[in-house]
Amino acid sequence: MFVRVLRDGNPEFSITVREIKDALTIFCQEYDLSFRGIDIILTDSESQIRHNTSLLKHQYDTDVITQERETPMGRHLELFINGTNVFLEDNERPFSYILRMFFHGLLHVVGYTDESDEEKGVMHLEENRLLELFHVEHKPQSL
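Residues numbered from 1 in each chain as written. Predicted model: local features only at pLDDT ≥ 70, side-chain atom pairs only at ≥ 80, totals over all residues. Heavy atoms only, no water.

A. Summary view of helix H4 (residues 117-137). Here H4 is 21 residues long and its end C-alpha atoms lie 30 Å apart, about the 30 Å a rise of 1.5 Å per residue gives. Of all the residues in H4, the buried ones are Met123, Glu126, Glu127, Leu130, Leu131 and Phe134. Along the long axis of H4, the arc covered by the buried residues comes to 145 degrees, so they all point the same way. Exposed residues on H4 whose side chains face more than 90 degrees from its buried face are Asp117, Glu118 and Leu125. Residues of H4 that are buried sit in contact with helix H1 (17-31) and helix H3 (94-109). (Helix = DSSP H or I, 4+ residues; strand = E, 2+ residues; numbered from the N terminus. Expected span 1.5 Å × (residues − 1). Buried < 20%, exposed > 50% of the residue type's maximum accessible area, 1.4 Å probe, protein only. Arc of directions from axis to C-beta. Contact = heavy atoms within 4.5 Å.)

This is how it looks when you write it as structure tokens:
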């Protein structure tokens with residue numbers, strides 16, 4: 001599986017390919033999925049609006065846009081993540097925000113929706129559970 005982290009515009013936040021691969025491994029184990037590749041495109045709000053308009057015909061800013069396609073080599077994902085503080089929750093660190101948006105986009109792939117307040121709540125709980133799994137996996141080992 002290949003992973004690329006790209007930038008479009010001037011996002012404030014970033015994440016490494018290694019961190020995305022680690023998070024993707026956790027997600028794929030939890031949901032028994034596999035992907036050929038994934039592109040994470042970190043955007044600023046202006047770029048995110050442009051992508052949202054061209055891909056989904058929505059003319060507003062959004063936190064994450066998920067695009068999935070089948071290729072002859074397997075499933076490929078593109079996640080356009082708004083890498084600015086516009087959607088950052090209170091007391092949330094930028095790194096956790098990017099991971100949460102990454103998991104949020106992947107949850108859409110497995111069928112989670114966030115149309116209603118109830119669905120948003122369920123999705124947010126699952127994002128938090130996956131974040132916790134990621135942080136437990138990356139806790140420094142004590143001697």
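B. Structural view of the pairing of strand S4 (residues 74-82). Taken across its nine residues, S4 has seven buried, putting it largely inside the fold. Where strand S2 (residues 37-43) and S4 come together, seven bridges link them in parallel fashion. Among the inter-strand pairings, threonine 43 is bridged to a residue of S4, identified as asparagine 82. The hairpin turn running from strand S3 (residues 64-71) into S4, its antiparallel successor, is two residues long. (Pairing = 2+ DSSP bridges.)

C. Summary view of unusual backbone geometry. A positive phi angle is found at aspartate 32, which is not glycine, with a value near 50 degrees. Summarising the element assignment, aspartate 32 is placed in the loop between H1 and S2. Residue classification places aspartate 32 among the exposed positions, given a relative accessible area of 72%. Unusually for a residue other than glycine, asparagine 91 sits at a positive phi of about 65 degrees. Its place among the elements puts asparagine 91 in the loop between S4 and H3.

D. The pairing of S3, seen in detail. Relative to S4, S3 is paired through eight bridges, and the arrangement is antiparallel. Bridging across to S4, isoleucine 65 finds its partner in phenylalanine 80.

Purely spatial values, then, with no claim about function.
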